[in-house]
Amino acid sequence: MQTTARRQIRYEQFVTPKKRRWPMMLMLVAVLLAAAGAGTWLYMAQTHEVHSPPPALSKAGGPVAGETYQWSHVAVGGGGFITGLSFDPGGKTFVARTDVYGAYIWSPKADRWVQLVSADAMPQNDRVQAGLAAGVYEVVVAPSRPDRIYMAIKGKVYRTDDRAAHWVLAGGSNPFPLTWDANSAYRHDGPFLAVSPQNPDLVLLGTPGDGLWRSANAGQSWQRVATVPPSVDSNPAPGAQAPGTLIWFEAGAGGKPTGRILAMSSGHGMYVSDNGGISFTTLPSVGAQPMALSRGAFDNHGTFYGVDDMSKSVWSYANGHWHDLVKEAGLPVAPWAVVASNPRADQVVIFDQGGVGYQTVDGGRNWTHVSHTGAAGQGDPPWLHLSDTAYFATGDIRFDPVVPNRLWVAAGTGVFYADLAPGASVAGWTSQTRGIEELVANDIVQPPGQSPIFGGWDFGMHVKDDLTAFSTTFAPNERGLMSVPQMDWSPADPNFVVTNASDARMGCCWEDGNAVMAGYSMDGGRHWKKFTTLPTPPGQKDSDPWRMSFGTIAVSSGNIDNIVWEPAFNRMPFYTTDRGKSWKPVVLEGQVGDNTGSFAQMWYQRKTLTSDKADPGVFYLYHSGEAPNLALMGLWQSRDGGANWRRVYGGEIAPSGNMAAKLRSVPGHAGHLFFTSAFLNAGDTGLRRSTDGGTTWNVVAHVDHVDDIAFGKAAPGKTYPTIFISGRVFGVYGVWRSLDNAVSWQQLAEFPLGSLDQVTAVAADPDVFGRVYLGYTGSGWIWGEPAPCRQSDLTRGRSCFTVK
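What you see is a predicted model; the values in this text were computed from it and never measured. (Residues numbered from 1 in each chain as written. Predicted model: local features only at pLDDT ≥ 70, side-chain atom pairs only at ≥ 80, totals over all residues. Heavy atoms only, no water.)

K.L.:
Would you explain the overall build of the chain in this entry?
P.N.:
The helix and strand tally for the chain stands at two helices and 56 strands. In terms of overall size, the chain behaves like a compact globule, its C-alpha atoms giving a radius of gyration of 27 Å where 804 residues would be expected to give roughly 28 Å. Along the first, second and third principal axes, the C-alpha set of the chain runs to 80 × 65 × 50 Å. The long-range fraction of contacts in the chain, counting pairs at least 24 apart against all pairs at least 6 apart in sequence, stands at 58%. Carbon and sulfur atoms form 53% of the exposed surface of the chain, whose accessible area is close to 28,900 Å². One way to put it: in the chain the 63 positive side-chain charges average out to a point 2 Å from where the 69 negative ones average out. (Helix = DSSP H or I, 4+ residues; strand = E, 2+ residues; numbered from the N terminus. Rg over C-alpha atoms; globule rule 2.2 N^0.38 Å. Contact = heavy atoms within 4.5 Å. Areas by Shrake-Rupley, 256 points an atom, 1.4 Å probe, with all protein chains shown as cover. Lys, Arg positive; Asp, Glu negative; His and termini not counted. Charge placed at Lys NZ, Arg CZ, Asp CG, Glu CD.)

Structure (C-alpha cells):
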C-alpha cells in the first residue's frame, strides 16, 4: 500500500514492551557495537529445515499433447489492510473488503476466505487485463437477504444475488464511474454503502466528491440526494481529500429498525432522513456536536456511538443530545478508529488505530481499558504470530451475530477474532485469515538450484521451499514493516542475492537503525547482512536514514562484490566493487543537477537497471529523461562494473517508459535484452527486444501490453530459455510462453485463478520446465506449471487450463 495513504505510525508502537533486563541489554549493545565496527550487522530470518527448490508437479519435463497448467496461490497468506467487515443478522454471509485488490467472503465449506472479484463472476466488460485492479471501497450484505451483496469498486456499484457466483452492474441510467479511492487515508472509515434492514432493494452510497446517492431498485438506477452536501475537502491537493458520506440505518431499542437513516458528511455534520433517504435534514441536537466521524454503531437501547480518528474524539447521541465522551467520561485523547456494540449485552467497545481499547457496560458513563494479544490461528499463516505487538493495526470491528461475545477485527495483516465478554480486560486476537492473499508484490527471483524468493511491500521477502505451505517468517528479519522493491542474483554464485529493502513509512520508525536494510544474502535469501555503508546522493544529508533507498538494483554476473543501485526520487545512482563497503557515483555524460537518476517515485513497479546475465561486468540502465536531465533519455551501458557509461541507444525504447517499465536480460545469452513499458494506456505498447546489447531494438510481432517478461528452463532439444509473458498475443490477453525464441506463443491461462488484478512481476523456474510465477498489485503471488489437472476449484485456490 502506498505510504501516501498511511496515518502516522511510530516505531515503538510495533514493539511489545518487555521487562527491563539492563545487564543483558548492555551486553547486547556491546556485541552490536563490536559487530558494527567489524562490518557484520547480520540479521536473520529463521532457519528452514529444508533447503531445496519445490519439486515439479509433472514428470514429463517438457511439452506434451493435451498439456494442462495448474495454477495456485503461492502460500504466503494474509496482508492488508483489511478495511471493512459486513455480516447479515443471521451470520450466513460474512464479507471483508481490502484496500488494494478485491474483497473476500468466508466459505465455511472450504474453511477459508474466497475472493469475491473473479473473472468468472464479474460482467463480461470487466474481463480484461487488469480489469478490476483496485481495492473495494465498500462491500455490504443485505440484512434481510443474505445471498445479496453490494460491492463498490473502481467507481461502480455491483450486486450479486447468489453470494458472488455472478455479479451485475446497474443499467444505462447509472451515474458511474463515480470518484473514490479504496486506498486513501480514509479507507478504514465507513460504512459508505448501507442497505435497508427491511428492504434489500433500498441502498445508499456515500462518495467523497460526488456526495450521497440512493437506489430503490437494487442498484438498477441511482439518484443523487442533494440535501446532503459532499464532504468538505481537507487538503488542497488534486482530487477529493475527504471521506465519503457515512450511512447508518437507525436501530432503536432491542436493535429494531426505526425507519430513520443517518448520514455523516465530513465537515458538515450529521443529517437524518425520515422518508427512506429521499431527502435529509440536519440532525436535531443541542450543544457541541461532531462534524466528522470515522465509524459508528447503535447499542441495544438505540444510543448511537461514533468515533473519529482525526479529531481523536468519541461521541454518543440520544434524545437529541450529543455527548463528548472524552470530556464527559474521561476517555483519553487518541486516534479512535472503530466502535462496535454487542447485540447480546450492554457492551460497547472502542479501539484506536493501534488496537488500544476501552469498553463500557453502563451506557457510556464509565469505561475500562482493554489490552490485547495476538496469535496465528490454527491452519493460518504462522508468520502472523507477529500480530502479538503493542501496535495492532485496526481497521474495523464487528460483533459476531451468532457466536456470543465474539468480536471480529479487520486488521493490517488479515482478519482476527477475540471472545470478549462484558467486563473482560484482554482482547486475545486470533487470526482467521487463511485464503486471503493481499500482499503487494514487487519482485520474484529464483537463481539456479535455489528456492524462489518473493518480495513485496511491508512484509519483506519470503523464501519458499514449499509453495503450498504458508510462510513461517519473512526476511531480511521480522521487523514490524519492511518493503522489498527488488532483488537480484548473480550467475557467479547462485547463492548470492542482493536487495534494496527499505521501510515505506518514511518519516517514522528509523530509531532501530534499520529504516533501510539493503544488503545481501550468501545462502539464497535465508540470512542477510546489511551493506556496511550507504552513500549520500548529492543534495541529501548524511543524517537522513532514507537518503539511499528503494529504486532498482543489480549485481554483476561475474563478481558478487560488484553492485549498481539506482535509488528512488531520481537520486544519483551508485556502484560498489567491494559489496557495499564503499560506493562511487554513476556518472552519465551530460548530466546536470543533483538528481541524475530515473526512478521518480518509491512505489513505482520499475525494473530498468540490470546486469548482463551472461557478460561479466556489463550493466544496462534505461533513463527516461526526467527533468532537468531530458538529454539523458535512452539506454546506457557500462562494461567495467559501473565505472564508465556510454549511451548505446538514444531516446525512448518504447513510449511511456517512465513508470513501470521492465528491462530484462536473458540468462546465458550475452547482449540479449527485452523491454516493455508495462503501461497499458500508451499508444504503442509493443514488446521490444535487442540482441546486440541494446544498440538496436525490434518490436516482437503480435505481442503487446506486456506486464513483464521472464525466462525459464528451455524445452528439451531447445537452446534458448522458455520465454514467459503476461500480456496480449494477437490481441488476446493471458499468460503466454514461447519455446522458440519468441517466434510462436502458447497460452497458459486467460485469467489465472480468475484474477482481474494487475500483474506487476513475472519470473520463471530455471530448473523446472514450464513453471512460472506472477506477482500482483494487491493479491500476492501465484504460480503455474504443467500438471495433470482436470478442473478448477477457486474456493480451494486452484485453477486448471488446457494449453492452447
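Still to come is the rest of the account.
K.L.:
Please clarify how the pattern of salt bridges should be interpreted in this entry.
P.N.:
When the charged atoms of two side chains with opposite charge come close together, those side chains can pair. Tallied over the full model, the rule gives 27 salt bridges. Between arginine 159 and aspartate 161 there is a salt bridge; the shortest N-O distance is 3.4 Å. Taking the relative accessible area as the measure of exposure, arginine 159 reaches 16% and is therefore buried. Where aspartate 512 meets arginine 479, a salt bridge forms, and the shortest distance between an N and an O atom there is 2.7 Å. Here arginine 479 lies in the loop between strand S33 (461–463) and strand S34 (487–490) and aspartate 512 lies in the loop between strand S35 (493–499) and strand S36 (519–521), a separation of 33 residues in the sequence. A relative accessible area of 23% places aspartate 512 in the partly exposed class. Arginine 479 sits in the buried class, given a relative accessible area of 5%. Linked by salt bridges that have partners in common, Arg145, Arg148, Arg159, Asp161 and Asp201 make up one network. (Salt bridge = Lys/Arg side-chain N within 4 Å of Asp/Glu carboxyl O. Buried < 20%, exposed > 50% of the residue type's maximum accessible area, 1.4 Å probe, protein only.)

K.L.:
For this particular structure, what's the right way to read the pairing of S35?
P.N.:
The side chains of a regular strand alternate between the sheet's two faces. Of all seven residues making up S35, five are buried, and the element is well covered by its neighbours. Across four bridges, the pairing between S34 and S35 is antiparallel. In the sheet register, serine 490 faces S35, and the bridge partner there is aspartate 493. Between S34 and S35, which pair antiparallel in sequence order, lie two residues. Of the pairings in the sheet, the one linking S35 to S36 comprises three bridges and is antiparallel in character. (Pairing = 2+ DSSP bridges.)

K.L.:
Would you take a moment to explain the packing of aromatic side chains for this structure?
P.N.:
Within a pair of aromatic rings, the relevant descriptors are the distance that separates the centres and the angle that separates the planes. Per the counting criterion, the structure on display carries 35 aromatic pairs. Here the aromatic rings of phenylalanine 176 and tryptophan 222 are separated by 6.1 Å at their centres, their planes lie at 65°, and the arrangement is edge-to-face. You can see phenylalanine 176 sitting in the loop between strand S10 (168–169) and strand S11 (193–195) and its partner tryptophan 222 sitting in the loop between strand S13 (211–215) and strand S14 (223–225), a full 46 residues away along the chain. Phenylalanine 176 sits in the buried class, given a relative accessible area of 13%. (Phe/Tyr/Trp six-rings, centres within 6.5 Å; stacked < 30°, edge-to-face > 60°.)

K.L.:
Is there a simple way to explain empty space enclosed by the protein in this structure?
P.N.:
Where empty space is left can be seen by rolling a probe of water-molecule size over the atoms. Taken as a whole and judged by the stated rule, the model has two cavities of 30 Å³ or more. Computed from the structure, the largest cavity encloses a volume of approximately 40 Å³. Lining the largest cavity, in full, are Asn442, Trp457, Pro485, Phe599, Met602, Trp603, Tyr604, Gln605 and Lys607. For the lining of the largest cavity, the residue count by class is six nonpolar, two polar and one charged. (1 Å grid on protein atoms, 1.4 Å probe; cavity = no way out; pocket = protein on both sides within 12 Å on 5 of 7 lines; lining within 4 Å. Points joined across faces, edges and corners; volume = space filled by probe spheres on them. Nonpolar A, V, L, I, M, F, W, Y, C, P; charged D, E, K, R; others polar.)

K.L.:
How should I be thinking about the nonpolar core in this particular structure?
P.N.:
Note that soluble globular proteins tend to have their nonpolar side chains buried in a common cluster. Ranked by size, the top nonpolar core spans 41 residues in total, and within it Trp71, Met151 and Trp167 carry the most contacts. Within the residue set of this core, elements represented by two or more residues are strand S2 (68–73), strand S5 (103–107), strand S7 (136–141), strand S8 (149–153), strand S51 (732–738), strand S52 (746–749), strand S53 (759–764) and strand S54 (772–776). Core analysis: the second largest hydrophobic core is formed by 33 residues, Ala142, Tyr150, Trp180 and Met264 among them. (Core = buried A, V, L, I, M, F, W, Y, C linked by side-chain atoms within 4.5 Å.)

K.L.:
Help me out: how do you make sense of the sheet that holds strand S38 (residues 552–555) in this one?
P.N.:
Strand pairing in a sheet takes place through backbone hydrogen bonds and is either antiparallel or parallel in direction. One open sheet accounts for four strands, arranged S38-S39-S40-S41; its pairing is antiparallel. What marks the edges here is a single partner per strand, and that holds for S38 and strand S41 (584–585). With four bridges joining them, S38 and strand S39 (residues 563–566) adopt antiparallel strand pairing. Paired with isoleucine 553 across the two strands is tryptophan 565, which belongs to S39.

K.L.:
Explain the pairing of strand S24 (residues 348–352) to me, please; I cannot follow it from the model alone.
P.N.:
Of all five residues that make up S24, five are buried, and the element is covered over most of its length. Covered by surrounding structure in S24 are Val348, Ile350 and Asp352 together with Val349 and Phe351, the residues of both alternating faces. Judged from the five bridges that link them, strand S23 (residues 336–341) and S24 form a sheet pairing that is antiparallel. Paired with valine 338 across the bridge in S24 is phenylalanine 351. Between S23 and S24, which follow one another and run antiparallel, lie six residues. Pairing of S24 with strand S25 (residues 357–360) involves four bridges; the strand directions are antiparallel. Across the sheet, the residue bridging to phenylalanine 351 is glycine 357, located in S25. Count of turn residues in the S24/S25 antiparallel hairpin: four residues, of which glycine 355 carries a positive phi of about 90°.

K.L.:
What am I meant to see in the sheet that holds strand S27 (residues 394–399) here?
P.N.:
Across the sheet, eight strands lie side by side as S23-S24-S25-S26-S30-S29-S28-S27; this open sheet has mixed pairing. Whereas interior strands pair on both sides, the edge strands pair on one side only; in this sheet they are S23 and S27. Taking each pair of neighbouring strands and ignoring which way they run, the sheet shows an average axis angle of 30°. As defined by bridge partners, strand S29 (residues 415–419) adjoins strand S30 (residues 426–431) across two bridges and the pair is classed as antiparallel. Residue pairing for S30: phenylalanine 416 is matched across the bridge by serine 431. (Axes fitted to C-alpha atoms, helices over the stretch in contact; angles between N-to-C directions.)

K.L.:
Got a minute to help me understand the confidence of the model for the chain in this structure?
P.N.:
Interpretation of the predicted coordinates at a detailed level should be avoided for regions scoring low in pLDDT. With 94% of its residues at a pLDDT of at least 70, the chain reaches an overall mean of 92. Every residue in residues 1–49 is under pLDDT 50, and counting partners more than four places away or in other chains gives 89 contacts. (pLDDT = per-residue confidence, 0-100.)

K.L.:
Explain unusual backbone geometry to me, please; I cannot follow it from the model alone.
P.N.:
Most of the time, phi is negative for any residue but glycine, and the peptide bond is trans. With omega at 5°, the peptide bond leading from glycine 190 into proline 191 counts as cis. Among the structural elements, proline 191 can be located in the loop between S10 and S11. The amide bond that connects alanine 627 to the next residue, proline 628, takes the cis arrangement and shows omega of 5°. In this structure, proline 628 sits in the loop between strand S43 (619–623) and strand S44 (634–638).

K.L.:
Just to check I follow, could you spell out the environment of histidine 321 for this structure?
P.N.:
Within the secondary structure, histidine 321 sits in strand S22 (residues 321–324). Filtering out sequence-adjacent residues up to four positions away, histidine 321 remains in contact with Val286 and Ser316. One polar contact links the side chain of histidine 321 to the main-chain carbonyl oxygen of asparagine 319, over a distance of 3.0 Å. (Polar contact = N/O pair within 3.5 Å; in protein donor to acceptor, adjacent residues only side chain to side chain.)

K.L.:
Would you take a moment to explain the side chain of aspartate 488 for this structure?
P.N.:
Its place among the elements puts aspartate 488 in strand S34. On the basis of relative accessible area, aspartate 488 is assigned to the buried category, the value being 8%. Sequence-distant contacts of aspartate 488, defined by excluding residues within four places in its chain, comprise Val445, Phe496, Val497, Val498, Ile553, Ala554, Val555, Ser611 and Lys613.

K.L.:
Just checking my understanding: could you explain the state of the cysteines for this structure?
P.N.:
By definition, a disulfide links two cysteine residues through a covalent bond between their sulfur atoms. Scanning the model with the defined rule gives two disulfides in all. Between the sulfur atoms of cysteine 508 and its disulfide partner cysteine 509 the distance amounts to 2.0 Å. Residues cysteine 508 and cysteine 509 agree in their burial class; the two are buried. Listing the disulfide partners of the chain by sequence rank of the bonded cysteines yields 1-2, 3-4. (Disulfide = S-S within 2.5 Å.)

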